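What follows is the residue order along each chain.
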Amino acid sequence: MLAQQQSEKYKRHRPETTLLYQLVERYYPDFIANLAEQGKYLPKYVEREFDEFLRCGRLEHGFLRVVCGDCKHEKLVAFSCKRRGFCPSCGARRMAESAALLVDDVLRGYPIRQWVLSLPIPLRLLLARNPSELSKVMQIIHRAISTHIVNKAGFTTKQAKTGAVTIIQRFGSALNLNIHFHMLYLEGAISENPWGGTTFTRIKAPSHSDMVELVHTISQRIARYLEKAGFVERDMENSFLNLPIDDEDSLLHLQGASVSYRIAMGPQQGQKVFTLQTLPASNDGEYGQLANTSGFSLHAGVFANAYEPEKLERLCRYISRPAISEQRLSMTAHGKIRYELKTPYRDGTTHIFFNPIDFIGKLAALIPPPRLNLTRFFGVFAPNSNLRAQVTASQRGKNSPRLVNEENEQSNKHYHARGMTWAQRPVTG
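Cut-offs and rules
Residues numbered from 1 in each chain as written. Predicted model: local features only at pLDDT ≥ 70, side-chain atom pairs only at ≥ 80, totals over all residues. Heavy atoms only, no water. Salt bridge = Lys/Arg side-chain N within 4 Å of Asp/Glu carboxyl O. Buried < 20%, exposed > 50% of the residue type's maximum accessible area, 1.4 Å probe, protein only. Helix = DSSP H or I, 4+ residues; strand = E, 2+ residues; numbered from the N terminus. Polar contact = N/O pair within 3.5 Å; in protein donor to acceptor, adjacent residues only side chain to side chain. Axes fitted to C-alpha atoms, helices over the stretch in contact; angles between N-to-C directions. Parallel < 35°, antiparallel > 145°, perpendicular 65-115°, else oblique. Left-handed = near helix turned anticlockwise from the far one by under 90°. Contact = heavy atoms within 4.5 Å. Nonpolar A, V, L, I, M, F, W, Y, C, P; charged D, E, K, R; others polar. Pairing = 2+ DSSP bridges. Phe/Tyr/Trp six-rings, centres within 6.5 Å; stacked < 30°, edge-to-face > 60°. Lys NZ or Arg CZ within 6 Å of the ring centre and 35° of its normal. 1 Å grid on protein atoms, 1.4 Å probe; cavity = no way out; pocket = protein on both sides within 12 Å on 5 of 7 lines; lining within 4 Å. Points joined across faces, edges and corners; volume = space filled by probe spheres on them.

Caption draft 1: Highlighting the pattern of salt bridges. Under the definition given, this model contains eleven salt bridges. For Glu60, the salt bridge identified is with Arg58, shortest N-O distance 2.6 Å. Look at Glu60 and you get exposed, because its relative accessible area is 52%. The shortest N-O distance in the salt bridge between Arg108 and Asp104 comes to 3.1 Å. Residues joined by salt bridges that share partners form a network here, namely Glu16, Arg58 and Glu60.

Here's what the structure looks like:
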């Protein structure tokens, strides 16, 4: 028991002792100076990300004094940056909170399949530069997969609905800019009963032919939309991406190098990043629940049953994980930054190497713009769905009995706390 109590003691995170913090603290000023020499500057939100990361977890930048109500023992808890770019500490906290929310309030009680869609490299850069197009592309993807699931369940889209939670990941395992989608779909469709309530109809796992048909449908619809929106132009033989160029900041250059695995800063600018291959190449491939076409890749091989909440939580934590793992980050004797891949590439690559200045540029390329929601709810899980309150454990949504009870409780009070300023609230003894 004593050993357990000792292990549960709070230990303050000391970011200044980590390699990532030391690298940013040491080389970020040089990175900014290098850009300034070229007449380039980072967007304000990117600068703010780095500045607040250097203040995250440091007591000299603010803290709370927490006192135990029983023993009166005090602890100092430093303020965190709460940023979404590359801070491992805040990213890990957000991962745990997101996984708990999804499992306990949204997905629990249903069989869930993960669908992962990867995009062609030019499209990754386009969506990174134009976040407003993300929603339209995701609507195309969701409509295609949802229609497939509902039809497999024996319904039309007017008779039944399915639901999904999508996490937009902006990073690859090599710290490259790689916008792709992890979608947790119900393995079936939900229909409303004439006598009230809902019925869940489960479907079989998708076959290889299903995956091939779906990835072709998605790629063609996205291509048609981008052509209509003016982002894709065609001639007699080829089609090419018409990416608007903005030279006011250097982010386009950094993102373009990151998405194509190239060096953005230094004398080797434009060359491929240095990699280390320590394993033999592998030709093993998945042909069941994996399909590829024109740079699009759709995978649906990971599944969690309704009675496997622990597996579902592991899956939710995986897709919500931070962009960078400090455990896989190290320095070489020659001053290069070495990053180990989570999963080796098929050609046997296990590590990638950066010079310190270019490493800072890779971090800058991963930072999402402000007000970009990276977690999206679709179908019966959408906030405006009439079925959301009936199919989720939290019972939040339209016509929610929980909401009605809360409104009744509020109406019985003498005042409403919401919408009042501190000066307007009555003083209680």
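Caption draft 2: Quick look at helix H10 (residues 356–366). Taken across its eleven residues, H10 has eleven buried, putting it largely inside the fold. The residue sitting at the N-terminus of H10 and contributing the capping side-chain oxygen is Asn355; that oxygen lies 3.2 Å from the backbone nitrogen of Ile357.

Caption draft 3: Up close: the packing of helix H5 (residues 121–129) against helix H8 (residues 251–259). Viewed as axis vectors pointing N to C, H5 and H8 meet at an angle of 150°, and their least axial separation amounts to 10 Å. Put simply, H5 runs roughly antiparallel to H8. As H5 runs across H8, the sense of the crossing is right-handed. Contact residues: Ile121, Arg124, Leu125, Ala128 and Arg129 in H5; Leu251, Leu252, Gln255, Gly256 and Val259 in H8. Residue composition of the contact of H5 with H8, by class: six nonpolar, two polar and two charged.

Caption draft 4: Spatial organisation of the sheet that holds strand S14 (residues 337–340). Pairing is antiparallel across the open sheet formed by four strands, whose spatial order is S10-S15-S14-S13. On the outer flanks of this sheet lie strand S10 (274–277) and strand S13 (329–331), each paired with one strand and no other. When strand polarity is set aside, the average angle formed by the axes of neighbouring strands in this sheet is 30°. Contacting S13 and S14, helix H2 (residues 19–37) crosses the sheet at an angle of about 60° to S13. Contacting S13, S14 and strand S15 (349–354), H10 runs over the sheet at an angle of about 105° to S15.

Caption draft 5: Region of interest: the packing of aromatic side chains. Within the structure shown, the criterion is met by eight aromatic pairs. Measuring from centroid to centroid gives 4.5 Å for Tyr28 and Phe50, while their planes differ by 10°, and the two rings are stacked. Taken together, the residues span a long stretch of sequence, with Tyr28 in helix H2 and Phe50 in helix H3 (residues 44–53) at a distance of 22 residues. Like Tyr28, the residue Phe50 is buried in the burial classification. An aromatic cluster of three or more residues is present, and its members are Tyr21, Tyr28, Phe50, Phe53 and Phe86. A cation sits over an aromatic face here: Arg388 above Phe377, 5.7 Å from the ring centre.

Caption draft 6: Main features of the pairing of strand S12 (residues 296–304). Burial analysis of S12 places seven of its nine residues in the buried class, the great majority of the element. Pairing of strand S3 (residues 112–118) with S12, which is carried by six bridges, proceeds in the antiparallel orientation. By the bridge assignment, Gln114 is partnered in S12 with Val302. Across four bridges, strand S11 (residues 290–293) lies against S12 in antiparallel orientation.

Caption draft 7: Examining the packing of H2 against H10 more closely. The N-to-C vectors of H2 and H10 enclose an angle of 95°; their axes lie 8 Å apart at closest approach. Comparing the axis directions of H2 and H10 gives the class roughly perpendicular. Where H2 approaches H10, its residues Leu20, Leu23, Val24, Tyr27, Tyr28, Asp30, Phe31 and Asn34 are matched on the opposing element by Pro356, Ile357, Phe359, Ile360, Gly361 and Leu363.

Caption draft 8: Representation of the layout of surface pockets within the structure. Of the volumes computed, that of the largest pocket is approximately 1200 Å³. Those elements that place two or more of their residues in the lining of the largest pocket are S3, H5, strand S4 (163–171), strand S5 (177–186), S11 and S12. Tallied by class, the residues present in the lining of the largest pocket amount to twelve nonpolar, 16 polar and five charged.

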